[in-house]
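Analysis of the macromolecular model
One letter stands for each residue in the lines below.
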Amino acid sequence: MGTVSSRLPVFPWDRLEPYKNTAAAYADGIVDLSVGTPVDPVPALVRQALTDAADSPGYPTVWGTAALRDAITGWAQRRLGATGLAHTNVLPVVGSKELVAWLPTQLGLGAGDRVAYPRLAYPTYEVGARLAGAEPVVYDDPWELDPAGLKLLWLNSPSNPTGRVLSADELRRTVAWAREHGVLLFSDECYIELGWEADPVSVLHPDVCGGSYDGIVAVHSLSKRSNLAGYRAAFLVGDDAVLGELLQIRKHGGMMIPAPVQAATVAALGDTEHVGEQRERYARRRTALREALEAAGFRVEHSEASLYLWATRDESCWDTVGDLAKRGILVAPGDFYGSAGERFVRVAFTATDERVDEAVRRLAQ
């Protein structure tokens with residue numbers, strides 16, 4: 001039983017527990033800015049759709065309903081600028097983390113294969129490679145990678161943790177490089193609705209992919225844009241051959257989204273009003289926290305998109321975490337996302353307005 005788990009790094013959040021306990025002991029309670037989990041209500045129309053579909057006694061399908069596939073293709077065409085999408089170009093998944101963790105295994109990767117991802121990145125890219133027994137490889141610029149044995153290339157724009165946004169030129173260059181070398185490219189775009197100082201572009205946009213989805217797949221989620229982290233609602237859009245193979249595998253594995261969640265996803269993708277309202281909440285919190293951090297001596301880098309501020313005081317991230325924990329504020333140490341982040345912390349602005357205001361007050365002390 002320990003053979004597979006021994007391939008994996010220590011679960012990073014376990015290392016944060018002592019600091020969480022310190023912050024929780026603060027007189028007015030903890031302000032938890034460490035995890036980007038939504039705290040605001042699920043939109044009413046989404047909850048209504050879930051309720052209306054609650055009487056769903058039969059098994060759902062892995063590919064989802066035709067209505068769900070219509071909703072995904074329609075949203076991708078409207079929001080991402082994707083063209084010529086058919087149902088075969090989409091695949092619902094049970095939350096994006098599940099997909100990231102198990103994709104290399106489902107692609108049949110293993111010993112001798114390499115999986116590449118950004119030097120500063122969501123830890124699950126590495127976990128997915130290690131679960132499959134493949135070699136994880138980090139990069140600064142993907143087109144400088146050695147393509148030998150490279151089977152899967154992850155992009156992440158907007159980035160978690162840094163909030164960096166890749167330009168259309170960078171995306172176009174990477175897509176061309178991956179196609180030239182026969183490397184499958186997956187682009188994690190789960191924060192694409194949350195651009196603040198930049199307008200994120202999808203790899204599916206014709207200016208990037210040339211109107212062809214060969215060799216590219218985009219990953220999207222409703223967790224952030226619609227406060228649906230608890231619903232585990234996500235989907236893939238792109239190369240129909242890749243998605244068709246994944247569909248066959250996932251059918252055998254029973255990886256299906258519950259029918260009421262499928263109905264809720266349709267409602268969420270068809271509405272933009274709640275997305276705008278949520279963006280306004282996050283924009284207020286982002287501005288308040290950024291100003292407070294900078295006034296307290298922090299420097300914020302990148303952070304032009306996503307739900308985080310990538311901040312530093314030019315010291316060990318754990319010294320920063322410890323100091324803020326004494327003030328009842330919990331943040332994520334940058335080295336959770338790679339050694340290049342060892343002097344940064346990731347500050348989420350997903351807490352309630354009241355908790356964000358409290359963090360601002362404490363930072364001013």
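So, a few notes on the structure that sits alongside this text. (Residues numbered from 1 in each chain as written. Predicted model: local features only at pLDDT ≥ 70, side-chain atom pairs only at ≥ 80, totals over all residues. Heavy atoms only, no water.)

Here Asp188 is to be found in strand S6 (residues 184-188). The side chain of Asp188 sits in the buried core without any salt bridge; Lys224 is the nearest counter-charge, 9.5 Å away. Those residues in contact with Asp188 that lie beyond four places of it in its chain are Tyr125, Trp154, Leu155, Asn156, Ser157 and Val219. (Helix = DSSP H or I, 4+ residues; strand = E, 2+ residues; numbered from the N terminus. Buried < 20%, exposed > 50% of the residue type's maximum accessible area, 1.4 Å probe, protein only. Lys, Arg positive; Asp, Glu negative; His and termini not counted. Salt bridge = Lys/Arg side-chain N within 4 Å of Asp/Glu carboxyl O. Contact = heavy atoms within 4.5 Å.)

If you check helix H4 (residues 66-80), its first and last C-alpha atoms are 20 Å apart, about what 15 residues at 1.5 Å a residue would give, namely 21 Å. All of the buried residues in H4 are Leu68, Arg69, Ala71, Ile72, Thr73, Gly74, Trp75, Ala76 and Leu80. Its buried side turned inward, H4 meets strand S2 (90-93), strand S7 (216-221), strand S8 (234-238) and helix H10 (259-269). (Expected span 1.5 Å × (residues − 1).)

Attention now moves to the sheet that holds strand S12 (residues 332-333). Strand order in this open sheet of four strands is S9-S10-S13-S12, and the pairing throughout is antiparallel. At either margin of the open sheet sits one strand with a lone partner, and together these are strand S9 (299-301) and S12. Two elements, S9 and strand S10 (residues 308-312), share three bridges in a ladder whose sense is antiparallel. Within S10, the position partnered with Glu301 by the bridge is Trp310. Against the sheet, helix H11 (residues 273-295) contacts S9, S10 and strand S13 (345-348), and its axis sits at roughly 5° relative to S10. (Pairing = 2+ DSSP bridges. Axes fitted to C-alpha atoms, helices over the stretch in contact; angles between N-to-C directions.)

One side chain can pair with another of opposite charge once the charged atoms of both are near each other. A complete count under the given rule lists 23 salt bridges for this structure. The partner of Asp335 in a salt bridge is Arg15, with the nearest N and O atoms 3.7 Å apart. Taken as a pair, Asp335 in the loop between S12 and S13 and Arg15 in the loop between helix H1 (2-5) and helix H2 (17-24) lie far apart in primary sequence, 320 residues in all. Residue classification places Asp335 among the partly exposed residues on the basis of a relative accessible area of 23%.

What follows deals with the sheet that holds S2. Read across the sheet, seven strands follow the order S2-S8-S7-S6-S5-S3-S4 without closing on themselves; strand pairing throughout is mixed. Sheet topology places S2 and strand S4 (135-139) at the edges, where each strand pairs with a single neighbour. With direction set aside, neighbouring strand axes in the sheet form an average angle of 20°. With five bridges joining them, S7 and S8 adopt antiparallel strand pairing. By the bridge assignment for S8, Val217 is matched with Gly238. Relative to strand S5 (residues 150-156), helix H7 (residues 168-181) is tilted by about 170°, and along the sheet it contacts S5, S6 and S7. Packing of helix H9 (residues 240-253) onto the sheet brings it into contact with S2, S6, S7 and S8, and relative to S2 it is tilted by some 40°.

So, to be careful, I would describe these as geometric facts and stop short of saying anything about function.
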